[in-house]
Amino acid sequence: MDSAAKDEQPAHVKHLAAFLIRHHSDQLRSIALSQDPKLHFPLYVNFAELMDDDPPLSHLVFSQPTEYLRLFDEAAVWAHKVILGDLNGSNKGIKKEFIHVRIYIGGSPLECPETFPSIGRVRVKHRGILLTLKGTVIRSGAIKMYEGERKYMCQKCKHEFLVYPELESRNSIKLPSYCPSQRSKPCEGTKFGHLEGSITCHDYQEIKIQESTHVLGVGAIPRSIPVILKDDLVDIVKAGDDVIVTGILTAKWSPDLKDVRCDLDPILIANYVRRTNELKSRIDIPDDAILKFKQFWSDFKDTPLKGRNAILRGICPQVFGLFTVKLAVALTLIGGVQHVDTTGTKVRGESHLLLVGDPGTGKSQFLKFAAKLSNRSVITTGLGSTSAGLTVTAVKDGGEWMLEAGALVLADGGLCCIDEFDSMREHDRATIHEAMEQQTISVAKAGLVTTLSTKTIVFGATNPKGQYDPDQSLSVNTALSGPLLSRFDIVLVLLDTKNPEWDGVVSSHILSEGEPDKDKQDEDLANIWPFPMLRRYIHFVKGYFRPVLTKEAEIVISSYYQLQRRSATGNAARTTVRMLESLIRLAQAHARLMFRNEVTRLDAITAILCIESSMTTSAIVDSVGNALHSNFTENPDLEYATQERLILEKLRSFDDFPDANSMR
């Protein structure tokens, strides 16, 4: 019977099956050895490999995927039976009914822009071909049951044939006008009967993907397209995931509405889905760039802080001065090391930064520059750009409730810049606490109960409510609650105080930018880093170094934390364990910035200076001034020695703090 079945197979099925046996016998063997016969099994085929083996057949798969992918699935089942026949001597294999060939286009000509367009450039000419789209999942629907095919029999000649529902007409069955039997003498029967128990059902899920905003120009609206996932593809992606989907572009009729013209809505039937979350923050860093980094720190071996400041000058160079802000931005983007203890409890490695300041102090400039430095970023306002706002919401689409991801979910693995942070919606205020600290969002809306990942850096900016009152707490000045402010590692207040000396320097700097021929100096690497190099450096140190604390760094951080606990007042919003975690994160980030794998006392002191600049703690060291007027010094190593001495003198008042000489 098997040999007769083999002979009945079309020539193309035999050809495809022979290809699968030659190149994918290992996958077929593992499928045959699986113990569950009712599962749907994927069989991954590289399109470039198919092109090398049989170019005409690969062209047919590309140009007529609706027909040939179905033939490919039949060929996979047939090839599986051939492999199963070889295994039956050991009685290990089990016959499978559902095997689906998944086409991977990586490394093939299908990666060209014509067959790999952005979602916004999908047109009618792409209908019916094997199309690949890249985007971010913004909605994910529930898993449903879908009728894939049913079998009918001709009442005249008893020929059995399969009929597939038409997606265009919302999965309705359309019977042929006459018997489709391929015989020498046509049957021409027109009466068909449905065979009981012949309906095959499949898992079915609809998602919606949107093109990434960072590849769009200014003013462009990100477009989206629904995607249908079936069988083994369902439930492998969730809202916020980056995906590359290969499938067939088709259309379905929109629902019938009275006095409204019925249109065709484009939809992509997925054949292969690849999650690219692991590529979110990946940047290609050539070896010569790494050698430049090492040579740079070799040149500044004796004056490391001067080298650090040369890097910091490259952050938002159009804004004059603001050394404290630029240092805070660098440490926030680099971040610390995530810690997971034996019980599975996680302490986040990502840092959060909030800028509170008067208008015109450059907050939005820093937000936009930080977004460009990050490989994955979302810029929004506190009100949000959609109904999803900052976190996530449930929306009703076509009678079905779906989750729509907000800015924090879409920025998972990257940076979320939030302007007008104080104008958040009420439901965002309730959920952003968990998103910033636990890096998840727990959802229980409209019967949808799930948890989404928000492993993102939050960089917020807001104006004070009216005139900033130094006598009032930061919570009163910003209308943000204390628990929410405590989530930020650094909160910098930029007060536009009238300082004639500072105003003169800034005005000279701005005016000199408008005079192109005035004293143009050759700025080499020691003065300012170019943007591409700075971007590569931040991503390299973030992925390469995992700094650990030295003993003297632990002593400094622990003593400062305990001193803060002793001197805490009612206005201190964050003299808790969170401040200790922030100190460790900032010290680790500074060690990465300094191209090191261990946290030294210098890193610990710098982290303390950043915390001292933050308005959520009571200042112990009096040397910290207005962050808006902080400038780059000529000799930062000498200035650091003075700051270190002041901090160590304060810490020495703590009973358990060791003598400074013994620490050296």
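The protein is annotated in an unreviewed UniProt entry as Probable DNA helicase MCM9 from Prunus yedoensis var. nudiflora. The record held by UniProt for the protein lists under Sequence similarities (unreviewed entry) the comment "Belongs to the MCM family."

### Points about the overall build of the protein
Scanning the protein from terminus to terminus reveals 21 helices and 22 strands. In the protein, the proportion of contacts linking residues at least 24 apart, taken out of those at least 6 apart, comes to 73%.

### Some points on the confidence of the model for the protein
Per-residue pLDDT for the protein averages 77, and the proportion of residues at 70 or more is 81%. Contacts of residues 1-7 to residues separated by more than four positions or lying in other chains number four contacts, the stretch itself having pLDDT below 50. Contacts from residues 517-526, a stretch scored under 50 in pLDDT, to residues over four places away or in other chains number seven contacts.

### Overview of the sheet that holds strand β13 (residues 377-381)
An order of β13-β16-β19-β12-β20 is seen for the five strands of this open sheet, with the pairing classed as parallel. Edge positions in the open sheet fall to β13 and β20 (490-494), since each of these has one partner strand only. Neighbour-to-neighbour, the strand axes of the sheet open up by a mean angle of 15°, direction not taken into account. Here strand β12 (residues 353-357) pairs with β20 via five bridges, running parallel.

### What to know about the packing of aromatic side chains
Tallying each qualifying case throughout the model produces 16 aromatic pairs. Judged by centre distance (6.0 Å) and plane angle (10°), the ring pair of F293 and W529 falls under stacked. Linking F293 in helix α7 (residues 287-299) with W529 in the loop between α15 (500-513) and α16 (531-544), this pair joins segments that are 236 residues apart in sequence. By the burial criterion, F293 is buried, and W529 matches it. Judged by centre distance (5.0 Å) and plane angle (15°), the rings of F540 and Y544 are stacked. Here the residue F540 and the residue Y544 both occupy positions in helix α16, the gap between them amounting to four residues, near one helical turn. Residue class for F540 comes out buried when judged on its relative accessible area of 10%. A cation over a ring is seen here: K372 above F531, with NZ or CZ 5.7 Å from the ring centre.

Rules of the game
- Residues numbered from 1 in each chain as written.
- Predicted model: local features only at pLDDT ≥ 70, side-chain atom pairs only at ≥ 80, totals over all residues.
- Heavy atoms only, no water.
- UniProt positions renumbered as here; feature names shortened; annotations may be inferred.
- Helix = DSSP H or I, 4+ residues; strand = E, 2+ residues; numbered from the N terminus.
- Contact = heavy atoms within 4.5 Å.
- pLDDT = per-residue confidence, 0-100.
- Pairing = 2+ DSSP bridges.
- Axes fitted to C-alpha atoms, helices over the stretch in contact; angles between N-to-C directions.
- Phe/Tyr/Trp six-rings, centres within 6.5 Å; stacked < 30°, edge-to-face > 60°.
- Buried < 20%, exposed > 50% of the residue type's maximum accessible area, 1.4 Å probe, protein only.
- Lys NZ or Arg CZ within 6 Å of the ring centre and 35° of its normal.

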